[in-house]
Amino acid sequence: MRRRRSWHRTRRRGVAEIIGAILLVALTIVAGLILWTFRINTPSAPPTVGFVARSGLSYPVYGDPSDCQPQGNWVYPLTSAEKTPWSNEWYPQCYTANGGGNFSTMNASELIVSTVSTTGIPLSQIQLTFLCNGAYAPAPYTTQNTTALVSGTLASMTWFPGSTSQPAPNAPYLGWCGGFDAGNWSYVPGLQPAYGWLYNRLALFVPLTPGNLVLQAGDTFILYLHDPQPLGYPLDFLCVSASLGFYPSWVCPSGWGPVPHLDFDDFHGAPYWCQLSAAACTIQITYTGNPSTVLAQIPVTNLLGPRSS
């Protein structure tokens, strides 16, 4: 009888050990599942982009056909014999596709992408904003606000001089710099003002490779600089082209002859006061992907250098 009892106790202990082992394995499996289920994916590091600046440049004002004349030697006002060839050549050379016309020039600087930490960053995820501190704008444009003269993705500001016929469908328009409305401007009293001028009066983004949709070293942002007259105003041929029927006659102020004038129908370049203080105007470049980050904040004064004459 004692042996039987002893045998039963030993058997119970063995069964208990087996059950305990099974429970331990089950708990280990459950714990593993829980650890796997609640694993947190940490975001990747934001990209970094390096830039270098080139200043003291002179660039044609691509994107504004009224500031262009056909290639050739023209004497203004045009003679009767010159009007027909000028008319025949102006539209294909100046108005469509920047087809080799003689565009007026302005002082400009370049901001060039030198390094990109991550390949494949879409241009549509790089936001560029030109910020103006209104406190530095001269009267009557002084304000206490910071405004955006232009804001858009690099994809929407892309331009290929010599080949691009139209800006992107979502291209940004010029806005305010302090209390100055660059998208609604004319310095000729009584002339109907210009409305909704595109970003390309201020700047262009030119990828190194036409058609490329991702950021790469060599991509270039071109900023026009509005200096005091006459360098800040491109030569305008609007009165010439209006006299030949390309624009309504009212666009040329009364009494003005069909000859070139300093630009009077729209505003080109960063306002001059942006060049007078590092706190006045800033170019902010932001990556809007995940995780978003500010890639650069560059005062316009950092892009200045010798001027062409």
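Residues numbered from 1 in each chain as written. Predicted model: local features only at pLDDT ≥ 70, side-chain atom pairs only at ≥ 80, totals over all residues. Heavy atoms only, no water.

1. Some thoughts on helix H2 (residues 80-95)
So, point 1. Here H2 is 16 residues long and its end C-alpha atoms lie 22 Å apart, about the 22 Å a rise of 1.5 Å per residue gives.
So, point 2. Of all the bends in H2, the largest measures some 35° and sits at Glu89, one to four residues before the proline Pro92.
So, point 3. Listed in full, the buried residues belonging to H2 are Glu82, Trp86, Ser87, Trp90, Gln93 and Cys94.
So, point 4. Next to the buried residues of H2 lie strand E2 (68-69), strand E3 (102-103) and helix H3 (238-243). (Helix = DSSP H or I, 4+ residues; strand = E, 2+ residues; numbered from the N terminus. Expected span 1.5 Å × (residues − 1). Bend = angle between axes of the 7 residues up to and from the residue. Buried < 20%, exposed > 50% of the residue type's maximum accessible area, 1.4 Å probe, protein only. Contact = heavy atoms within 4.5 Å.)

2. As for the state of the cysteines
So, point 1. If you walk through the whole model with that rule in mind, you get 4 disulfides.
So, point 2. With its sulfur 2.1 Å from that of its partner, Cys68 forms a disulfide with Cys94. Here the disulfide of Cys68 and Cys94 is left-handed, its torsion about the S-S bond being about -65°. One end of the pair, Cys68, is in strand E2; the other, Cys94, is in helix H2, with 26 residues separating them in the sequence.
So, point 3. On the basis of relative accessibility, which here comes to 0%, the residue Cys68 falls in the buried class.
So, point 4. Linked covalently through their sulfurs, Cys274 and Cys281 form a disulfide whose S-S length is 2.0 Å. Judged by the sign of its S-S torsion, about -60°, the cystine formed by Cys274 and Cys281 is left-handed. (Disulfide = S-S within 2.5 Å.)

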